[in-house]
Amino acid sequence: IKACFRRDDILFYLIGFSNGCKVAIDVSYGNPNVSGIILWNPILQELADNKNGDAGDSRRLYKHPVTGKPYKKFYSLRLNTRLLRELNSDKSMSKLIELDKDILCVLSRNDSSIERFIDQIETLTTKKHLSIEYIEHTDHLFGSVDKVEQVISITLEWILNNVS
């Protein structure tokens, strides 16, 4: 895009949602062309290290009722062994801590899949370039059109504030 428009002052922001936040973090890590990242309800490995609550027993494998394949419970999700291997090798939270870019986290207050991670994300607020915004009374998918519009509005406002 920079070459196409023959401009060097173009800013790139990446948006990741849920497990896709890992992609935004990975692509922006060490990439000088990315100005910042927006994480909507991030699910990251260090966060997915489930040990209590309704996340399920982290040591127990269950048998899928249809496929018969093994999985672990993680809130309302069933993590298959391929996804578990991917999660176990993920270093997204470590990369996020080291990332020297503008970061926006938009989090659902009633999202059971990130509820126990909010403290961990909030500890990153000591980074001067991290902003956290909360969407009240919604779930992991932001639930309704008005909540999605709120997420988009927060995101665009944040980008415009960073550009000016």
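What counts, and where the lines are drawn
Residues numbered from 1 in each chain as written. Predicted model: local features only at pLDDT ≥ 70, side-chain atom pairs only at ≥ 80, totals over all residues. Heavy atoms only, no water. Helix = DSSP H or I, 4+ residues; strand = E, 2+ residues; numbered from the N terminus. Buried < 20%, exposed > 50% of the residue type's maximum accessible area, 1.4 Å probe, protein only. Contact = heavy atoms within 4.5 Å. Areas by Shrake-Rupley, 256 points an atom, 1.4 Å probe, with all protein chains shown as cover. Salt bridge = Lys/Arg side-chain N within 4 Å of Asp/Glu carboxyl O. Patch = residues over 30% accessible without salt bridge, like charges linked within 9 Å, V, L, I, M, F, W, Y side chains within 5 Å. Arc of directions from axis to C-beta. Phe/Tyr/Trp six-rings, centres within 6.5 Å; stacked < 30°, edge-to-face > 60°.

Peer 1: I tried to follow the overall build of the chain on my own but got confused; where do I start?
Peer 2: Broken down by element type, the chain carries 6 helices and 7 strands. Overall, the chain shows an N-to-C arrangement of helices and strands of α-β-α-β-β-β-β-α-α-β-α-β-α. Taken over 164 residues, the chain has a buried fraction of 40%. Long-range pairs, those at least 24 residues apart, make up 63% of the contacts in the chain between residues at least 6 apart in sequence. Of the roughly 9700 Å² that the chain leaves accessible, carbon and sulfur atoms contribute 52%.

Peer 1: When you look at the pattern of salt bridges in this model, what are you seeing that I'm missing?
Peer 2: Applying the stated criterion across every chain, the model contains 2 salt bridges. Across the pair Asp 26 and Lys 95 runs a salt bridge whose closest N-O atoms are separated by 2.9 Å. Within this pair, whereas Asp 26 is found in helix 2 (residues 21-28), its partner Lys 95 is found in helix 4 (residues 92-98), the two being separated by 69 residues in sequence. The class of Asp 26 is partly exposed, set by a relative accessible area of 37%. Accessibility expressed as a relative area gives 25% for Lys 95, which makes it partly exposed. One salt bridge in this structure joins Glu 136 and Arg 109, with 3.1 Å as the shortest N-O distance. Here the residue Glu 136 occupies a position in the loop between strand 7 (130-135) and helix 6 (145-163), and Arg 109 occupies one in the loop between strand 6 (102-108) and helix 5 (118-122), the gap between them amounting to 27 residues. Using a relative accessible area of 35% as the deciding quantity, one classes Glu 136 as partly exposed. Judged by its relative accessible area of 34%, Arg 109 falls in the partly exposed class.

Peer 1: Would you take a moment to explain a nonpolar patch on the surface for this structure?
Peer 2: A contiguous nonpolar patch, built from Val 148, Ile 152 and Leu 156 and spanning about 230 Å² of accessible area, is present on the exposed surface. Its place among the elements puts Leu 156 in helix 6.

Peer 1: Just to check I follow, could you spell out helix 2 for this structure?
Peer 2: In an α-helix, one turn spans 3.6 residues; hence positions three or four apart end up facing the same way. Looking only at helix 2, the buried set comprises Cys 21, Lys 22, Ala 24, Ile 25 and Ser 28. The arc that holds the buried residues of helix 2, viewed along the axis, is 165 degrees, so those residues lie on one side. In the stretch just after helix 2, Gly 30 is the one whose phi turns positive, near 75 degrees.

Peer 1: I tried to follow the packing of aromatic side chains on my own but got confused; where do I start?
Peer 2: Describing an aromatic ring pair means giving the distance of the ring centres and the angle of the ring planes. Evaluated as defined, the whole model comprises 3 aromatic pairs. Relative to Trp 158, the ring of Tyr 13 lies with its centre 5.7 Å away and its plane at 80 degrees, an arrangement referred to as edge-to-face. Note that Tyr 13 is positioned in strand 1 (residues 12-17) and Trp 158 in helix 6, a separation of 145 residues in sequence. A single burial state applies to Tyr 13 and to Trp 158, both of which are buried. Residues Trp 40 and Phe 142 carry aromatic rings whose centres are separated by 6.5 Å and whose planes lie at 90 degrees to one another, so their mutual orientation is edge-to-face. In this pair, Trp 40 is assigned in strand 2 (residues 34-40) and Phe 142 in the loop between strand 7 and helix 6, connecting sequence segments 102 residues apart. Ring-pair connections join several aromatic residues into one group, and the members of that group are Phe 17, Trp 40 and Phe 142.

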